[in-house]
Every structure is written in structure tokens, then in C-alpha cells.
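Each chain is listed here by its residues.
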Amino acid sequence: MKEIVRQFIEREGLLCKDSLHLVAVSGGADSVCLLLMLKELGYRVEAVHCNFKLRGEESDRDEAFVKRLCQQTDTELHLTHFDTKAYAELHQISIEMAARDLRYHYFEQLRQDIGADAICVAHHQDDSVETILMNLVRGTGLRGLQGIQPRRGHIVRPLLCLGREQIEEWLKQRGQDYVTDSTNLVPDIVRNQLRLNVIPQLKEACPQANANILTTARRIGEALRLYDSAVSQSLTRLVCNDSIDTTLLLQEPSAESLLFEWLSPKGFSPKTIEAIHDTLCQTTAEGSRQWSSGTHVLVSHRGRLTLVPIEPESPTLRLPEIGTYVYADRAKFRVSIVAGSTINKDSHVCCLDADKIKFPLTIRPTRQGDRFHPLGMKGSQLVSDFLTNRHTSPIEKRRQLVVCNADDTIVWLVGQRPDHHYRVTNVTAQTLRIDYLPK
């Protein structure tokens, strides 16, 4: 058993004999085996135990057991208590997620404090099988079917080469006791239902079920290396400035897979990505479309998909008089008065009849329902319609600014067109000039 673990640790490059390592010890069979195994293999280890205060006397029993174990094995112990229920209520998450967050945050902080190289946790092959089945029924995709990996950052799992029965038999032969978490014996959550009900039935139908599932997981992991290489090459070729030509994308062997690998790291769900792909495949689809995640917006416009971060809501800036103003660190506006009638056709310059302008002026983003009368056109129209007719992308629409008179009527659609009512004519005595200086 020890030789199997030693070879696994060396093959996966998990631990170093010269470094210090933390071992998470709950008191259960798996973690007790891990602690004893690593000590006997000659690794420098210290134990860490978390009391989540969730099981009353049983939680205190586990803590006392771990203390005795560490005393008997001359192992330094780091111990902490958590009010897990209060944390879960505060963050509005499940008890299981709260315990996980608290545990791993504490582990990492402690690792840094004592200069440990890694945090060893006692996941084994049966845990990996349960994880694979959980991810399968939840539809998490190919990566979830790899199961638990030997290393994730500073978290290492030296017992992934063993099954639960092997671990318990090793402890039995040594006469080593351990504690049992009673909550693991109740089929109240998905993992427990799989462990207690589903997997035993699978083994009854196929005694090699666990081994076959793990073999498949390893093969998926190997296939993913090829997949990741191909995806990386395709995205490098297709993506330019966070934008993709949709015609070229749809010529790829699996456009939906490329979309998933491009967009999922930006928070887009598999369901949303599927909807994006379906929309692109509809050759009759016209106009612009957009989809949002928590952090980004994806825009389909004129044959391209463009990904942009969601920017903070643009502020409203008040201009009480002539002068130079900085707007949201993205542009400057210089407002001045020029004698006589002056016209400048530069799109970044707006010339208005000063006698028709009332301060304070306001610079703000466009709003739904904004209207103005574009210079040289008949009648007013919605700003959104004006921008659409000029083939403005949805991204540019989100960034569009207006300058408003004191009564909040639009005098200039910035960079586009002044309002006809405020235009300069041959009877204009003074011209109000606004220069837009984008960063």
C-alpha cells in the first residue's frame, strides 16, 4: 500500500521530502490513513482540523479523536472552529458550500502563514467516481468527467491511487481506529445518494463498475489534451481583439465547442452558449443580437461576434458654465463661446446658437425613449432609431453620450449630430462651441 502511494506521489510530482506539508485530518478513515501514510513515507507534515459545529457532540468527539491521534503520532496540530450556519445564512449559500469555503480559505491562509508547500486532502478513487457521476447527471461537460485531479493549485491528493476498501483494510490490519461521520450515512444530498444507493447497484450489475468508470475518466483526460490543443489553435486563429467572424466560425468542425471554450471563462452558461450557436446557425437571422453574463456582453453585429466587458454605468456630469470638463476619465469636453456665426463640420465639434442654450448643461448616457431632431432632417426621432439607421453596433450604442440643455432636451448626440432646433444660422450672434476630446 505504501509503495503504491509513494509511486503515485512521485509520478504526479505531488510532494517534496524537503518541504513542509499540511494534512487535513477530519478523523475519518481516509484522512487518518493519509496522515499515517505520509509520516511513514518520511514526509514532513503538520495536521489541521476544522470543527464546523454542525453535529453537536459528534463534532466535539471528532476533534478530541484528532487531538489524541496527533499526540500519539507526535504531529503538530492546527485547530479551528467555525460558525458554519451563521456563515451560510450571511452569504445565502448551502451548509455544504459554506463548510467548503471556510475550510479551504483557512487551509490556504494557514499554508501561507507556516510556509507549507502544499495542503494534502484524503480524496480517493471512490470519491472520484462519485464526482464523475455527479458531474454526469448535472451536465457539467467533458472536464467534469475527468473526476478529481491529483493537484489543483496547492491542494494535492496523494490517495487517489487507492479505493475506500483498500484504505479501511490497511487501517484494520494496523489496528488503527477512526471515527465515522453519521451524516455520510444519510442519503439526503446527491453525493450521499450516489454513494449509498446508486453505486452499489452499479457494482451489483457490473462488479468492475468503479474501475471502468475511472479508466474512462483517464481516457477522457488524455483526449482533452488533444482537444485543448486544437481549441487553442483554432481560437488563436479566429479571435482578433475579442471578436470573431461568424462565417469563419461556422466553418469549423465544432463551432459550439469553440464558443463554449471562448465564452464560458467569461461567465456565459452552457444554455446561453447553446442559444448563441443556434442563433448563428439561423441563416435568416438579421440585425443585431446581444447576450450578457455577469461580467461581459457578447454582441452579434454585421457578421461578427464581439465580446466586451460590462462597464460601470456611465455617470451624469453637470456643466455649470463654459470651461473644460473631464468625463469619467474617458474624455474631455471643452465648452467655449465664439463671437458671430461659426460652423465646424468635424464630428467631434458641435456648434450651437448660444442664445438658445441655458446652463447648466448635462452630459449623460442615452436613455430609453430619448428623442431629438437631427440637424438637416425632418421631424424628431428616437435616438435608438437614428443610431440603428447609421448601423451603429450595440456596443457603441451602450457607450453613446448626449449633451442636454438645462431643461434636459438633447442639444447634441455626441460625435453624431446636433439638434436642429439649436443649430447655428446666419442670424446667430454668438456660437457655443463644444469640443469632444475622447481619450
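The structure under discussion appears in the preceding block.
Described in the following lines is the structure provided in the data block.

### Brief notes about the overall build of the protein chain
And then number 1: If you tally the helices and strands in the protein chain, you get 14 helices and 21 strands.
And then number 2: With respect to the three principal axes, the spread of C-alpha positions in the protein chain is 105 × 45 × 40 Å.
And then number 3: Element-wise, carbon and sulfur atoms account for 49% of the exposed surface of the protein chain, whose accessible area totals about 23800 Å².
And then number 4: Side-chain charges in the protein chain split into 54 positive and 55 negative, and the spacing between the mean points of these groups amounts to 6 Å.

### Some details on the side chain of N192
And then number 1: Of note, N192 is situated in helix 8 (residues 190-205).
And then number 2: Here R195 takes part through its side chain, which lies 3.0 Å from a polar atom of the side chain of N192.
And then number 3: If near-sequence neighbours (up to four positions away) are discounted, N192 is found in contact with T183, N184, V186, P187 and N197.

### Thoughts on the pairing of strand 15 (residues 361-365)
And then number 1: In terms of residue burial, strand 15 counts as a mostly covered element, since five of its five residues are buried.
And then number 2: Covered by surrounding structure in strand 15 are L361, I363 and P365 together with T362 and R364, the residues of both alternating faces.
And then number 3: For strand 11 (residues 317-319) and strand 15, the ladder comprises three bridges, and the chain directions are antiparallel. Paired with R318 across the strands is T362, a residue of strand 15.
And then number 4: Where strand 15 and strand 18 (residues 401-404) come together, four bridges link them in antiparallel fashion. When the bridges of strand 18 are listed, R364 appears paired with V402.

### Some remarks on a nonpolar patch on the surface
And then number 1: On the surface, a cluster of nonpolar side chains totalling about 270 Å² of accessible area is made up of L136, V137 and V190.
And then number 2: Along the polypeptide, V190 turns up in helix 8.
And then number 3: Accessibility expressed as a relative area gives 36% for V190, which makes it partly exposed.

### A look at the pairing of strand 12 (residues 323-327)
And then number 1: One ladder, built from five bridges, connects strand 12 with strand 13 (residues 331-339); its direction is antiparallel. Residue pairing across strands places Y325 opposite F333, the latter belonging to strand 13.

### Overview of helix 11 (residues 255-263)
And then number 1: Three or more residues of helix 11 are buried, namely A255, L258, L259, E261, W262 and L263.
And then number 2: Taken together, the buried residues of helix 11 touch helix 9 (209-238), strand 7 (243-245), helix 10 (246-250), helix 12 (270-281), strand 9 (296-301) and strand 10 (304-309).

### Observations regarding the packing of aromatic side chains
And then number 1: Under the definition given, this model contains six aromatic pairs.
And then number 2: Between the aromatic rings of F372 and F386, the centroid separation amounts to 5.4 Å while the plane-to-plane angle is 85°, which identifies the pairing as edge-to-face. Placement of F372 in strand 16 (residues 371-372) and of F386 in helix 13 (residues 383-389) is noted, with a sequence separation of 14 residues between them. In this pair, the class of F372 matches that of F386, namely buried.

### Section: unusual backbone geometry
And then number 1: Backbone torsion omega between F359 and P360 reads 5°, so that peptide bond is classified as cis.
And then number 2: As for its placement among the helices and strands, P360 is situated in the loop between strand 14 (349-353) and strand 15.
And then number 3: Here the phi dihedral of A328 falls at roughly 50°; this positive angle occurs in a residue that is not glycine.
And then number 4: Tracing the backbone through its elements, the reader meets A328 in the loop between strand 12 and strand 13.
And then number 5: Even without a glycine there, the phi angle at D408 is positive, about 70°.
And then number 6: Along the chain, the position of D408 falls in the loop between strand 18 and strand 19 (410-413).
And then number 7: In this structure D408 comes out as partly exposed when scored by relative accessible area, which is 35%.

### Remarks on the sheet that holds strand 19
And then number 1: Spatial ordering of the open sheet is given by 11-15-18-19-20, a layout of five strands whose pairing is antiparallel. In this open sheet, the two edge strands, each paired with only one partner strand, are strand 11 and strand 20 (417-418).

### Quick look at the nonpolar core
And then number 1: Counting residues in each nonpolar core, the largest one holds 36 residues, and the members touching the most others are V5, I9, L15, V23, L38, L159 and L171.
And then number 2: Looking at this core, the elements that each hand over two or more residues are helix 1 (2-12), helix 2 (29-40), strand 2 (44-51), helix 3 (57-72), strand 4 (118-120) and helix 7 (164-174).
And then number 3: When residues of this core are assigned to their parent elements, the largest contribution, eight residues, is made by helix 2.
And then number 4: If sequence neighbours within four positions are ignored, L15 has contacts with I9, H21, L38, Y43, C120, V156 and P158.
And then number 5: L317, Y325, A331 and Y422 belong to the second largest nonpolar core, which has 22 residues in total.

Conventions adopted
- Residues numbered from 1 in each chain as written.
- Predicted model: local features only at pLDDT ≥ 70, side-chain atom pairs only at ≥ 80, totals over all residues.
- Heavy atoms only, no water.
- Helix = DSSP H or I, 4+ residues; strand = E, 2+ residues; numbered from the N terminus.
- Areas by Shrake-Rupley, 256 points an atom, 1.4 Å probe, with all protein chains shown as cover.
- Lys, Arg positive; Asp, Glu negative; His and termini not counted.
- Charge placed at Lys NZ, Arg CZ, Asp CG, Glu CD.
- Polar contact = N/O pair within 3.5 Å; in protein donor to acceptor, adjacent residues only side chain to side chain.
- Contact = heavy atoms within 4.5 Å.
- Buried < 20%, exposed > 50% of the residue type's maximum accessible area, 1.4 Å probe, protein only.
- Pairing = 2+ DSSP bridges.
- Patch = residues over 30% accessible without salt bridge, like charges linked within 9 Å, V, L, I, M, F, W, Y side chains within 5 Å.
- Salt bridge = Lys/Arg side-chain N within 4 Å of Asp/Glu carboxyl O.
- Phe/Tyr/Trp six-rings, centres within 6.5 Å; stacked < 30°, edge-to-face > 60°.
- Core = buried A, V, L, I, M, F, W, Y, C linked by side-chain atoms within 4.5 Å.

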